[in-house]
Amino acid sequence: MKKNRKNMKNLLTCITVGMVLTGCSSLTKEQYYSYEPFREDPRLSDAGYSFADGRSPANFLNQCSVGIQQFFNPPKPTKVTKDLPFKPILRYPKGFKEPGMHIQYGFESEYLNEEAEVLLKSYMPDTKLFPQMTKEKWLALSHEERDQFLQNNEKAIFPYREKARLINIIDDPEMKDVMPESFIYDAGNYEVVLPPVDSAEELVYRIQKINNFLGTGSMQVMISNPYNKNGLSDALNRATFKDQNLGHYNFVNDLDTLSKLDQGYRRYLADPNIQAAQSFNHPWLGPMTKIKHDQLKKIIDEMSLQKKYDDEELKKMSYIISSHKFIGGLAFRPDVAYKKTRLASEVRDCHRNLKCIEDRIKRETSILIQGKESFTAFKNLKAFDSENDFMKLDSTARAALREIFPKYGSYNAAVTERFRNFSYPLRDWSEHAKLSSDPNLSQKILAAQEEYVSYLNQQIARYNKREISKEEAQKLIMGELSAFPEKSGLMQLMKEKYQELITPQELKALEHLKLTLLLNQNRHTALAQVKPEPKAAEATSIPFFNTPALTASSIPSGMVAAVVFP
């Protein structure tokens, strides 16, 4: 009631000021800003919407119409928002203020079979499909029996790209609302997938509740924004759309890949027995390669020309093995939201690292709020050409890498040949060097490349003589690869560019999104159900944020600030 009174007050103010503006063109700037809706930071308003950039009188009537629409048709919060520790706030990408044009967030978390005991107790097969199965019978089964039942009836219970035929049997009414109606079974893993939510606060809240209830799975976050305000109807809009989005994905993927390697190098210095670059030995989470980057460029170009994709074309983007989706970074996901006139980005390399999830939410939200204009400078960065760059190594090195890092399974595509990833330092970095204020960066990169190849050849010679095992060779090569960003000066370049690109004010506005803090505050609740992970690998928290790093004492029991690759 109190909130409705305030909304009514704001509405009446809008109408009053609108009438004044309609009848009087001499309203001063001071008078204009004195009205109640403009006194407070729009990000903190109860209504959750913000007024025009710069709050100029020219846009006032249009923004009042937005307020009127939101008053009579307010966003409908889900039931779980009543206990949010922070107010849910609608945030808009630059240039968008209309209802429904706010940033949205999605979440999914994958669990191995042995991690899914609580999940399988929370759902049962639809009794319309299996009338003999009651809730009592389902819960009386062991976890292994429930798991086997689902696998034996996979096609019936989990039809491809359709809603799973399951029933939510959670007794706790709050968790029943937080959890989705069903889950997904894919490639041997169970996946909890949430529908999009309208605020980062609600996403954080749901992640907290799900992790407390089920344990921390391998997490991915989806962030989407509208794209069609201007319809991409003229050449300027199309070129701007293409350059800004390509530059954005180019920059953040290079930043994240180099940062991940650099952090691996810090850990390797402390413990030479670790594998410092595990993602490079993974078929679906490695660096962006030219094969995948060419697809990314093609799709962004087609979208700038307003290409209409059919369902089959969109589906292929999500499962063909050479898809631009299969990277360990921020993946463009037009297959998810393009038909809904939205662009979606998927965070694919945070996994069980809660601090990384928190930082990515902040970073990508702040980028959308401030706009992507400054990312145009990165549109020409050359991708890692894993096929041709691999050929820069001599034949002895190439043959040994094929043994040390073999291809994935029976696939024959170059994108699944993991050994190619270890030619990453030999990539063409010339466009990166052009962006640097350091005139010696090209020479630093060349020296670091030569040092890497020399070290690689030394370890391969030792491996060929069987002085070191395959596992030892992997650790040593990964360690040297992870040192490349620092030795080349590229890490320093990306750090400097990141600090130039990201507006500190926008990050500060998101400081209250403390996912790791929320989890720590609630460690006394259902965390007893969360089992510690058996192994922890590659941390991927994003650098350069002014948020305190996790310490061992600040991580809730059962949580790991690291990546675990299944």
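Let me sum up the structure you'll find in this document. (Residues numbered from 1 in each chain as written. Predicted model: local features only at pLDDT ≥ 70, side-chain atom pairs only at ≥ 80, totals over all residues. Heavy atoms only, no water.)

Before going further, it helps to spend a moment on the nonpolar core. With 118 residues, the main nonpolar core has Met179 and Leu401 as its most contacted residues. Non-local contacts of Met179, meaning those with residues more than four positions away in its chain, are made with Leu119, Tyr123, Asn168, Ile170, Val192, Ile210, Phe213 and Leu214. (Core = buried A, V, L, I, M, F, W, Y, C linked by side-chain atoms within 4.5 Å. Buried < 20%, exposed > 50% of the residue type's maximum accessible area, 1.4 Å probe, protein only. Contact = heavy atoms within 4.5 Å.)

What follows is about helix α6 (residues 143–152). Buried within α6 are the following residues: His143, Arg146, Asp147, Phe149 and Leu150. Along α6, the residues classed as buried sweep out an arc of 160 degrees about the axis, all on the same side. Of the exposed residues in α6, the ones pointing more than 90 degrees away from its buried face are Glu144 and Asn152. Residues of α6 that are buried in the fold lie against α4 (117–122), β2 (123–125), α5 (135–140), α7 (154–157), β3 (166–168) and β5 (189–197). (Helix = DSSP H or I, 4+ residues; strand = E, 2+ residues; numbered from the N terminus. Arc of directions from axis to C-beta.)

What follows deals with the sheet that holds strand β4 (residues 184–186). In a beta sheet, neighbouring strands are held together by backbone hydrogen bonds and run either parallel or antiparallel to one another. Here six strands make up an open sheet; going across it, the order is β4-β5-β1-β6-β8-β7 and the pairing antiparallel. A strand with exactly one partner marks an edge of an open sheet, and here the two such strands are β4 and β7 (330–332). Mean inter-strand twist for the sheet, computed between neighbouring axes without regard to direction, equals 25 degrees. The sheet contact formed by strand β1 (residues 104–111) and strand β6 (residues 218–226) spans seven bridges and is antiparallel. By the bridge assignment for β6, Ser109 is matched with Met219. (Pairing = 2+ DSSP bridges. Axes fitted to C-alpha atoms, helices over the stretch in contact; angles between N-to-C directions.)

Attention now goes to the pairing of β1. Of all eight residues in β1, eight are buried; the element is thus mostly enclosed. Where burial is concerned, the two faces of β1 agree: the one with Gln104, Gly106, Glu108 and Glu110 and the one with Tyr105, Phe107, Ser109 and Tyr111 are both buried. Relative to β5, β1 is paired through six bridges, and the arrangement is antiparallel. Note on β5: the bridge partner recorded for Glu108 is Val193.

In this fold, Gln104 is placed in strand β1. A distance of 2.9 Å separates polar atoms of two side chains, one belonging to Gln104 and the other to Asp198. One polar contact links Gln104 to Arg342, side chain to side chain, over a distance of 3.4 Å. Apart from residues lying up to four places away in sequence, Gln104 is in contact with Pro196, Val197, Asp198, Met222, Ile223, Ser224 and Arg342. (Polar contact = N/O pair within 3.5 Å; in protein donor to acceptor, adjacent residues only side chain to side chain.)

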